[in-house]
Amino acid sequence: MVEQTVSREFVVGMAKGLHLRPADMLAREARRWRSRVEVIANSQRVDGKSILDVMTLAVEAGARVAIEVTGPDAGQALDAIGGLFERNFDEMGGAGEPADGEPSAADTA
Amino acid sequence: MKFSDFVAVDAIRSDVEAATKEAVIREMATALVDAGRIGAGDLDGIVRAIMKREDLGSTGIGRGVAVPHTKHPSVTKLVGTVAVSHDGIDFDSLDGDPVQLIFLLVSPPDRPGDHLRALENISRQLRDDAFCRELKAARAPAEIQHLLEAADSHGFVS
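Report follows, based on the coordinates. (Residues numbered from 1 in each chain as written. Chains lettered and ligands numbered in written order. Predicted model: local features only at pLDDT ≥ 70, side-chain atom pairs only at ≥ 80, totals over all residues. Heavy atoms only, no water.)

Let's talk about the interface of chain B and chain A
Taken residue by residue, the interface counts 25 residues in chain B and 27 residues in chain A. Contact between chain B and chain A buries roughly 2300 Å² in total, counting both sides, with carbon and sulfur atoms accounting for 65%. On the chain B side of the contact with chain A, Lys71, Leu116 and Arg127 of chain B bury the most area, a combined 25% of that side's loss. Counting the contacts that link chain B with chain A gives two salt bridges. Counting the contacts that link chain B with chain A gives two residue pairs in polar contact (both at pLDDT 80 or more). Counting residues per element, the ones that place at least two in the side of chain B that touches chain A are helix H2 (43–55), strand S3 (69–71) and helix H3 (112–126) of chain B. Element by element, the count of residues in the side of chain B that touches chain A is highest for H3 of chain B, at nine residues. (Contact = heavy atoms within 4.5 Å. Buried area = accessible area lost by both parts, 1.4 Å probe. Salt bridge = Lys/Arg side-chain N within 4 Å of Asp/Glu carboxyl O. Polar contact = N/O pair within 3.5 Å; in protein donor to acceptor, adjacent residues only side chain to side chain. Helix = DSSP H or I, 4+ residues; strand = E, 2+ residues; numbered from the N terminus.)

Notes on the packing of helix H1 (residues 20–31) of chain A against helix H3 (residues 74–86) of chain A
Residues and elements named next belong to chain A. For the pair H1 and H3, the least separation of the axes is 9 Å and the interaxial angle reads 165°. As summarised for this structure, H1 and H3 are arranged roughly antiparallel, according to the angle between their axes. Crossing of H1 against H3: the hand is right-handed. Mapping the contact onto sequence places Met25, Leu26, Glu29 and Ala30 in H1 and Ala80, Ile81, Leu84 and Phe85 in H3. Looking at the contact of H1 with H3, its residues break down into seven nonpolar, no polar and one charged. (Axes fitted to C-alpha atoms, helices over the stretch in contact; angles between N-to-C directions. Parallel < 35°, antiparallel > 145°, perpendicular 65-115°, else oblique. Left-handed = near helix turned anticlockwise from the far one by under 90°. Nonpolar A, V, L, I, M, F, W, Y, C, P; charged D, E, K, R; others polar.)

Overview of the nonpolar core
Ranked by size, the top nonpolar core spans 57 residues in total, and within it Ile67 of chain A together with Phe103 and Leu126 of chain B carry the most contacts. Counting residues in hydrophobic clusters, the runner-up holds 27 residues, among them Val16, Ala29, Ile38 and Ile102 of chain B. (Core = buried A, V, L, I, M, F, W, Y, C linked by side-chain atoms within 4.5 Å. Buried < 20%, exposed > 50% of the residue type's maximum accessible area, 1.4 Å probe, protein only.)

Observations regarding H3 of chain A
Residue and element names in this part refer to chain A. Over its 13 residues, H3 runs 18 Å from end to end, which matches the ideal 18 Å to within 8%, given 1.5 Å per residue. Taken together, the buried positions of H3 are Ala74, Ala77, Leu78, Ile81, Gly82, Gly83, Leu84 and Phe85. On its buried face, H3 is in contact with strand S1 (4–11), H1, strand S2 (36–41) and strand S4 (64–71). Positioned one or two residues after H3, asparagine 88 has a phi angle of 50°, which is positive. (Expected span 1.5 Å × (residues − 1).)

Considering the pattern of salt bridges
Pairing is possible between side chains of opposite charge, provided their charged atoms come close. Under the definition given, this model contains 17 salt bridges over all chains. It is possible to trace a salt-bridge network through shared partners that takes in Arg36, Glu38, Arg45 and Glu68 of chain A.

Here is the structure:
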């Protein structure tokens, strides 16, 4: 199969940014594919298959992230990872919402 | 952000007694109460909130490390602590391995950026295998404190 490189840019829509749970989802999805997955943000380029690496980017809400995928299944991998961004990693995302389902103030008062 | 910006040194524990996820979270939150960083009356609520977050997906991120956390309205500034379990604790981690090194974070609900920067600092420093190994081997809170201080002064600081 032919090695190819594809990339796309996304805006982080989650109110809490690319925090631990979405970073975990991204790394898990990236590991499903043979291609190399790199995440680029804040002038850093890291291994998308490593949750530790992804978390070091500390991407805040509204910031841009580029995903660059190189390998035999690059297109499919990018589509799958792009899907996570497109559905906001299954989070509500609106400011003031308990964005990742964490207990709100009311739950813990 | 540096470790010294959020780690309450008086709440660092080098050998937790707890053998379960909930017990270690309670032990660490109690250490924060004893250090005067969270209110005694908020202890149960904070432990419950952290466990609720764990139910959504373990914060055991692999490499024997976990980062249990929650937002809580009782804190006005991000506060956290570090604990080492020499026996290891089953944390339902992503890689299935027991956890020896735990960073617990409680952040104000309106400061998601601070939480992100604390995670960034923790994950960046923990990519250093030697740092990770030395923390897990620490036998006294002061040893952990010194390792964190060394990381703060030698590591890349954002």
